[in-house]
Amino acid sequence: MAAPDDRTGGATLARRLARRPAPSSWLFLAVAGLYELSPAARASWDQLAPSLPAAGPPAILLVASLFGLGFHHVRLAALCTLLAAVLWLADPPGATAATDPQAVLFMLALNLAWIGLWPTRARLAWRWLAGLLLIAVQAATAGLWAPAASSLVAGATERFGLGAADVWLPAGTLLGLLPWIARAVLAGAGLPLAVVWSCLCAEVVVRATGDPSSRQELYAWLAAAVLLLAVAEASYRLAYTDELTGLPGRRALADALAHARGDFALAIVDIDHFKSFNDRHGHDVGDQVLRRVAGELRTVSGSGAYRHGGEEFVLVFARAGPAEAEQALERLRRQISARRFTVRAADRPRRRPASLKPAAGQQQRKITVSIGLAGSRPGDRSALAVLERADQALYRAKRAGRNRLVVAGRRAAPTRRRATG
């Protein structure tokens, strides 16, 4: 069985770490930084906090949990339910006293580690529903029988020799967050990092129990807002981003075409002989080829790359005509054609070897693309007319022999054949 060469395509770890932080991360850093560093911001919040409903943050997190279930993200739904329970126990609406902070933090640490074993995405089944109910039962038990819960945690601490709660509880929380931290590092800042921020906020809320300031209220609202914003970002990516290549998908392309105005150009890029390549080497290798080409498309300056479907991509040059776009696309075509794609055996080493020479049994394949380019005209009623001309140019490029760029309205160069004899 063949497998793709994982040394090519995809962003390096350094590039992933350098990605622009998500809005949820900016929200956490901005709000927490202002409150901790600015006395004026702290005083303003202290005046606003009493007018806010205490049940607001848990309610927001329960709404985020429903969004998670809607997207078959049972782990996210469980985490939102857990944080809602933690915030409710730390500051129960209408109650005279909160649950013992040590018991609440124990529940947070224990369930974080457990939820980390759940699948990232799965359809709601009885076992996942039972998990959500178990979290709710824990919260109800800790709230209704707070002395018994505190005694249970204290007994477990003494029996297992865990030492001071100020040491092992933060360590347990960090251990439960390790899967989310790993995903934040490997996949870039996004939902996993927002989960980390929200859990840190929840721990601050619990530890601030009894604090006369409004610190507890601030971090409760911040935990809910950060996670809700992250869920909105995730739903946007699910609707507008192609999961395989990471490029914007057809819906994002439709929005870009609807806003295209003035002098612009569109190009359709199609991978040559992709079906035969996919049939011969398998869909896993075909997916790697798609990611490889998508990575090359991202390097085209002055354009936006979109996955149109199958092996087709669209490049939108919003502020350039066909002349400027043609130069960039010809460089792209040559760049893709000049590089080789190595198909290796299934027993390939996981780490990149020092020697880049293909070993015995490995195959090196050439990837080429055909490109159709069209520019806007004064009589065009919409960008779809430009896209149709680009599609016709792509068809002509394939008929002329593939691995070439054809501009709409210009005759395609004939295929060059090698002399024989």
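Quick caveat, the model's predicted, so the values are computed rather than measured.

A. Up close: the overall build of the protein chain. The number of helices and strands found in the protein chain is 16 helices and eight strands. Counting across all 421 residues of the protein chain, residues that qualify as buried make up 43%. Pairs at least 24 apart in sequence give 72% of the contacts found in the protein chain among residues at least 6 apart. Accessible surface computed for the protein chain: about 22,500 Å², of which carbon and sulfur atoms make up 59%.

B. Geometry of the nonpolar core. Counting residues in each nonpolar core, the largest one holds 54 residues, and the members touching the most others are L82, V86, V195, Y219 and L227. At the level of secondary structure, the elements contributing two or more residues to this core comprise α2 (23-37), α4 (56-70), α5 (74-90), α6 (101-115), α7 (126-144), α9 (165-187), α10 (191-207) and α11 (215-240). The dominant element in this core, judged by the number of residues it contributes, is α5, at 13 residues. Formed by 31 residues, the second largest nonpolar core is a distinct cluster that contains A265, V285, L315 and L329.

C. Quick peek at the packing of α4 against α5. Interaxial distance between α4 and α5 falls to 8 Å at its minimum, and their mutual angle equals 170°. Classified by the angle their axes make, α4 and α5 are roughly antiparallel. Note on element contacts: α5 touches α4 through L76, A77, C80, T81, L83, A84, L87 and W88, opposite P57, P58, L61, L62, A64, S65, G68 and L69. For the contact of α4 with α5, the residue count by class is 13 nonpolar, three polar and no charged.

D. Geometry of α10. In this model α10 runs 25 Å from its N-terminal to its C-terminal C-alpha over 17 residues, within 8% of the 24 Å that 1.5 Å per residue would give. Among the 17 residues that make up α10, 14 are buried, leaving the element largely enclosed by the rest of the structure.

E. Focus on the side chain of Q288. Locating Q288 in the fold gives a position in helix α14 (residues 283-297). Using a relative accessible area of 8% as the deciding quantity, one classes Q288 as buried. In this structure the side chain of Q288 is engaged in a polar contact, spanning 2.9 Å, whose partner is the side chain of R291.

F. View of the environment of G321. Summarising the element assignment, G321 is placed in the loop between β4 (312-317) and α15 (322-338). Taking C-alpha positions, G321 is 9.6 Å from G262, a pair spaced 59 residues apart along the chain.

G. Fine view of the pattern of salt bridges. Scanning the model with the defined rule gives ten salt bridges in all. Where E36 meets R215, a salt bridge forms, and the shortest distance between an N and an O atom there is 2.5 Å. Here R215 lies in helix α11 and E36 lies in helix α2, a separation of 179 residues in the sequence. Here K398 makes a salt bridge to D272, at a shortest N to O gap of 3.5 Å.

H. Expanded view of unusual backbone geometry. With a phi angle near 55°, H273 is a residue other than glycine that sits in the positive phi range. Note on placement: H273 falls in the loop between β2 (265-271) and α13 (274-281). A positive phi is found at N403, a non-glycine position, where the angle reads about 50°. As for its placement among the helices and strands, N403 is situated in the loop between α16 (383-399) and β8 (405-407).

I. Seen up close, a nonpolar patch on the surface. Together, V63, F67 and L228 make up an exposed nonpolar region whose accessible area comes to about 230 Å². With respect to the helices and strands, L228 occurs in helix α11. By relative accessible area, L228 is classed as partly exposed at 30%.

J. Structural context of the sheet that holds strand β7 (residues 369-375). Taken together, the five strands give an open sheet; going across it, the order is β3-β4-β2-β7-β8, and neighbouring strands pair in mixed fashion. In the strand order of this sheet, the two ends are held by β3 (304-309) and β8, each with one partner. The mean angle between the axes of side-by-side strands here comes to 20°, regardless of whether they run parallel or antiparallel. Of the strand pairs in this sheet, β7 and β8 are connected by three bridges, and their pairing is parallel.

K. Quick peek at the environment of A254. The residue A254 is located in helix α12 (residues 250-258) in this model. Note: C-alpha distance between A254 and A383 (129 residues apart in sequence) is 9.5 Å.

L. Quick look at the confidence of the model for the protein chain. Per-residue confidence for the protein chain gives a mean pLDDT of 78; residues scoring 70 or more make up 75%. Per-residue pLDDT stays below 50 along residues 1-18; that stretch engages in 46 contacts with residues further than four places along the chain or on separate chains. In the model, residues 417-421 has pLDDT below 50 throughout and makes zero contacts with residues more than four positions away in sequence or in other chains.

The rules behind the values
- Residues numbered from 1 in each chain as written.
- Predicted model: local features only at pLDDT ≥ 70, side-chain atom pairs only at ≥ 80, totals over all residues.
- Heavy atoms only, no water.
- Helix = DSSP H or I, 4+ residues; strand = E, 2+ residues; numbered from the N terminus.
- Buried < 20%, exposed > 50% of the residue type's maximum accessible area, 1.4 Å probe, protein only.
- Contact = heavy atoms within 4.5 Å.
- Areas by Shrake-Rupley, 256 points an atom, 1.4 Å probe, with all protein chains shown as cover.
- Core = buried A, V, L, I, M, F, W, Y, C linked by side-chain atoms within 4.5 Å.
- Axes fitted to C-alpha atoms, helices over the stretch in contact; angles between N-to-C directions.
- Parallel < 35°, antiparallel > 145°, perpendicular 65-115°, else oblique.
- Nonpolar A, V, L, I, M, F, W, Y, C, P; charged D, E, K, R; others polar.
- Expected span 1.5 Å × (residues − 1).
- Polar contact = N/O pair within 3.5 Å; in protein donor to acceptor, adjacent residues only side chain to side chain.
- Salt bridge = Lys/Arg side-chain N within 4 Å of Asp/Glu carboxyl O.
- Patch = residues over 30% accessible without salt bridge, like charges linked within 9 Å, V, L, I, M, F, W, Y side chains within 5 Å.
- Pairing = 2+ DSSP bridges.
- pLDDT = per-residue confidence, 0-100.

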